[in-house]
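# An overview of the molecular structure
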Amino acid sequence: MTALLDQLRTAPRSVLGKIPGVSDDDESRRPLPVSGMLAAAATLGVGLAALTTLTLVGWIAAPSGALGSGLPGVFRTAAQIWLAAHHAGFAMPGGRVGLLPLGLVVLPAILLYRAARWMARDADLRLRLPARLPKNSPREKANARRRAQLVLVAQAGVSLAAPYALLAGLIALVARNDVTQPFIGEALLSHFTLAFLAGSVATARTIGPWRAMLRLLPERVRALTVGTAVATAVLLVAGFALVLVAVVLNFGQVRELTNVLSPGFVGGLLLLLVQILYLLNVVIWALSYIAGPGFAIGTGTLVAPTGVQLGTVPSLPLLGALPDSGTVPAWMMAVVALPFAAGALAGVVVARISPSPSYEAAPLWGFLTGVTTGLVSALLATLSGGPIGGGRLAAVGPSTWEVALSVALEVGVAAGISAGITNILLLNRRARAPLDKAAEPVRKAGAAIARAASRVGLAESDAKPLPGHWLDATEADTQPIPVIRDDWTDEHASAEAETRAQARPHTGTGQGRLRRTDIVDVSDDRGGHVIYVDPYAWDRDDREDRE
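Definitions and cut-offs
Residues numbered from 1 in each chain as written. Predicted model: local features only at pLDDT ≥ 70, side-chain atom pairs only at ≥ 80, totals over all residues. Heavy atoms only, no water. Helix = DSSP H or I, 4+ residues; strand = E, 2+ residues; numbered from the N terminus. Buried < 20%, exposed > 50% of the residue type's maximum accessible area, 1.4 Å probe, protein only. Contact = heavy atoms within 4.5 Å. Areas by Shrake-Rupley, 256 points an atom, 1.4 Å probe, with all protein chains shown as cover. Core = buried A, V, L, I, M, F, W, Y, C linked by side-chain atoms within 4.5 Å. Axes fitted to C-alpha atoms, helices over the stretch in contact; angles between N-to-C directions. Parallel < 35°, antiparallel > 145°, perpendicular 65-115°, else oblique. Left-handed = near helix turned anticlockwise from the far one by under 90°. Nonpolar A, V, L, I, M, F, W, Y, C, P; charged D, E, K, R; others polar. Expected span 1.5 Å × (residues − 1). Arc of directions from axis to C-beta. Patch = residues over 30% accessible without salt bridge, like charges linked within 9 Å, V, L, I, M, F, W, Y side chains within 5 Å. Salt bridge = Lys/Arg side-chain N within 4 Å of Asp/Glu carboxyl O. Pairing = 2+ DSSP bridges. pLDDT = per-residue confidence, 0-100. Phe/Tyr/Trp six-rings, centres within 6.5 Å; stacked < 30°, edge-to-face > 60°.

So, about the overall build of the chain. For the chain, the count of helices and strands is 17 helices and 10 strands. By residue count, 35% of the 547 residues in the chain fall in the buried class. Of all intrachain contacts in the chain linking residues separated by at least 6 positions in sequence, the fraction that spans at least 24 positions is 73%. With an accessible surface of roughly 32300 Å², the chain has 65% of that area assigned to carbon and sulfur atoms.

Our next topic: the nonpolar core. Trp82, Leu83 and Leu160 are the most contacted members of the largest nonpolar core, which has 36 residues in total. Mapped by element, the contributors of at least two residues to this core are helix 2 (32-61), helix 3 (70-85), helix 4 (106-122), helix 6 (139-174) and helix 7 (184-205). Dropping the residues within four chain positions of it, Leu83 is found in contact with Ala88, Phe90, Ala168, Ile171, Ala172, Ala175, Pro182, Ala187 and His191.

Let us now look at the packing of helix 6 against helix 7. Their axes nearest at 7 Å, the elements helix 6 and helix 7 cross at an angle of 150°. It follows from the interaxial angle that helix 6 and helix 7 lie roughly antiparallel. Where helix 6 crosses over helix 7, the two elements pack in a sense that is right-handed. Its residues placed into classes, the contact of helix 6 with helix 7 shows 20 nonpolar, six polar and no charged.

Turning next to the environment of Ile110. Checked against the element boundaries, Ile110 lands in helix 4. The class of Ile110 is partly exposed, set by a relative accessible area of 47%.

Residues separated by three or four positions in an α-helix point in the same direction, a consequence of the helix having 3.6 residues per turn. Compared with an ideal rise of 1.5 Å per residue, which puts 22 residues at 32 Å, helix 7 spans 31 Å between its outermost C-alpha atoms and is within 8% of the ideal. Every buried residue belonging to helix 7 is among Ala187, Ser190, His191, Leu194, Ala195, Ala198, Gly199, Ser200, Ala202, Thr203 and Ala204, and all of these are buried.

Below, the discussion takes up the packing of helix 11 (residues 264-277) against helix 12 (residues 279-291). Close contact between helix 11 and helix 12 brings their axes to 4 Å; oriented N to C, the two are set at 40°. Our classification of the angle between helix 11 and helix 12 gives oblique. Of helix 12, the residues touching helix 11 (which contributes Gln275, Ile276 and Leu277) are Leu279, Leu280 and Asn281. Here the residues of the contact of helix 11 with helix 12 are counted per class, giving four nonpolar, two polar and no charged.

Turning to helix 13 (residues 337-353), a few remarks are in order. In this model helix 13 runs 25 Å from its N-terminal to its C-terminal C-alpha over 17 residues, within 8% of the 24 Å that 1.5 Å per residue would give. What helix 13 keeps buried is the set Pro339, Ala342, Gly343, Ala346, Gly347, Val350 and Ala351. The buried residues of helix 13 all sit within an arc of 165° when viewed along its axis, so they share a single face.

This part covers the side chain of Ser159. Position of Ser159 among the secondary structure elements: in helix 6. Given a relative accessible area of 13%, Ser159 falls into the buried group. Ignoring any residue separated from it by four or fewer positions in sequence, one finds Ser159 in contact with Leu32, Pro33, Gly36, Met37 and Met119.

On the surface, Phe340, Phe367, Trp401, Leu405, Leu409, Val413, Ile417, Ile421 and Leu425 cluster together into a nonpolar patch covering about 900 Å² of accessible area. No other element matches the seven residues that helix 15 (residues 400-455) contributes to the nonpolar patch. Within the element layout of this structure, Leu409 appears in helix 15. With a relative accessible area of 44%, Leu409 lands in the partly exposed category.

Take the sheet that holds strand 3 (residues 181-182) next. Taking strand neighbours across the sheet as the criterion, the four strands line up as 3-1-2-7 in an open arrangement whose pairing is antiparallel. What marks the edges here is a single partner per strand, and that holds for strand 3 and strand 7 (388-389). With two bridges connecting them, strand 2 (residues 95-97) and strand 7 associate as antiparallel partners. Looking across to strand 7, one finds that Arg96 is bridged to Gly389.

This paragraph deals with the confidence of the model for the chain. When the pLDDT values of the chain are averaged, the result is 77; 70% of them are 70 or greater. Scored below 50 in pLDDT, residues 11-26 makes 12 contacts in the model with residues more than four places away or belonging to other chains. Taken as a whole, residues 518-526 scores under 50 in pLDDT and shows 20 contacts with residues more than four places along the chain or in a different chain.

Moving on, we get to the packing of aromatic side chains. Across all of its chains, the model carries two aromatic pairs by this definition. Taking the centre distance of 6.3 Å and the plane angle of 10° together, the rings of Phe192 and Phe196 count as stacked. With a gap of four residues between them, Phe192 and Phe196 both fall in helix 7, about one helical turn apart. Since its relative accessible area comes to 32%, Phe192 is described here as partly exposed.

So, about the pattern of salt bridges. For the structure shown, the criterion picks out one salt bridge. Two residues, Glu186 and Arg96, come together in a salt bridge whose shortest N-O distance is 3.1 Å. In this pair, Glu186 is assigned in helix 7 and Arg96 in strand 2, connecting sequence segments 90 residues apart. In this structure Glu186 comes out as partly exposed when scored by relative accessible area, which is 31%. The exposure class assigned to Arg96 is partly exposed, which follows from its relative accessible area of 29%.

All right, on to the side chain of Thr228 then. Positionally, Thr228 belongs in helix 9 (residues 219-249). Assessed through its relative accessible area of 9%, Thr228 is described here as buried. Beyond its immediate stretch of four places on either side in the chain, Thr228 contacts Thr369, Thr372, Thr373 and Val376.

Once that is clear, we can look at unusual backbone geometry. With a phi angle near 65°, His87 is a residue other than glycine that sits in the positive phi range. Along the chain, His87 falls in the loop between helix 3 and strand 1 (90-92). Classification of His87 by relative accessible area gives buried; the value is 17%.

Tracing the chain through its elements places Arg30 in the loop between helix 1 (2-18) and helix 2. Overall, Arg30 belongs to the buried group, its relative accessible area being 11%. Along the sequence, Arg30 and Ala123 sit 93 residues apart, while their C-alpha atoms lie 5.8 Å from each other.

The following block contains the structure:
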């Protein structure tokens, strides 16, 4: 898609470059609304082409008339799927269809993001960004530059979203038939919202990496945004893990429902694709289960940690992982602790990004993070559920206000406590920082005096530890015991033999007794100690004295 858009971008400029007097410079840059309209049209074209291909494959494999009659019916079905990918509901005889797969949103989101990146390059938005400020610039200039960047990001988002929503309205009119009628208002709102978010994020991405995108927000708003994202991500990961455990434990029932449907090879692939697309909905239901309120599979039903009450369940194999009706084991109530863990982590993040100068403000900001997390969870709960026609399946999914209240209280309380504790630790560390900074010159002066004293001999350059008791010595302070080998000579035996040889009477010329070599006479002023070199000399001296 981007290659096609690049051709659309370079063709007019090449033509303008051939006109005398017109140069290919910033004056020939395509206006931002025109680039946005081209990007929106290309996104719709590529998305509808992909869905029409998949619908045509399903139309061939499915029973006759299931996905429309003829190629016009196939195109209308693909258009309705495209509208459903933006979470636009349909009216049908006897009710409405609002339970739409959230996994389909990934396709238009990716296409819109890539189209928005092309739009930013085509309109040269990087050149329109405010110039980089030098370091130590006044705060007023930095705030003005941030506001100018946000305005440009919003303009790019609107330039992509406005034509995209108008084209979606035309698709909603074309996709109407005798059975389903898309809600044009929901189609306009959903397409505009998704395109605006994708266009804004893609344009902000041109400014720099993701960290630079967050710096566009004020510090406090950035802390709340990151904290809310962290708490929501932890809850979604916990919900996904719960879904995996449920599928593994009830895999036999899931396989049985699949065998009952007997979809065949192509139908089995399409059934697997449908379940993957609804996986995000089920994960959000698991999030609601972890928070406490649970969710419903029809009117008068409830799946919650406090108990399960079910009726007839739709024949979707993924729903075979639902627990049986009745009481729930007591240990399942432990999942309610997960929102508190998510809140504790979010509170630490909020306090580290934006510490509060007062001890009382940090818990309030942590609780506010829980409130925003509750609002996000409520939005996800609303998008994940909805009616399937009328009758008993008119209520499927979690309750919006119950999820909002439960998540806000659980995450908010834990986030407030953790944010307060983290903020106190950070403030104490900052309070010690001036004292440490003031003591730094004293430490440097002491080190300089010690070095000077070592040079003149008043102090040792390398301080040696004082000797202690030998029992306190570590393995590093001792020497290894040598291994005794058989070929070594016995020093004590040789010394004893030498001593005995010296002790025999000498029959010489009468020069007197030979000087003993086994005694070292210390003839100094320290008391005249006698040091025996021979360890057995004292024994021989005792024998001589007795003789």
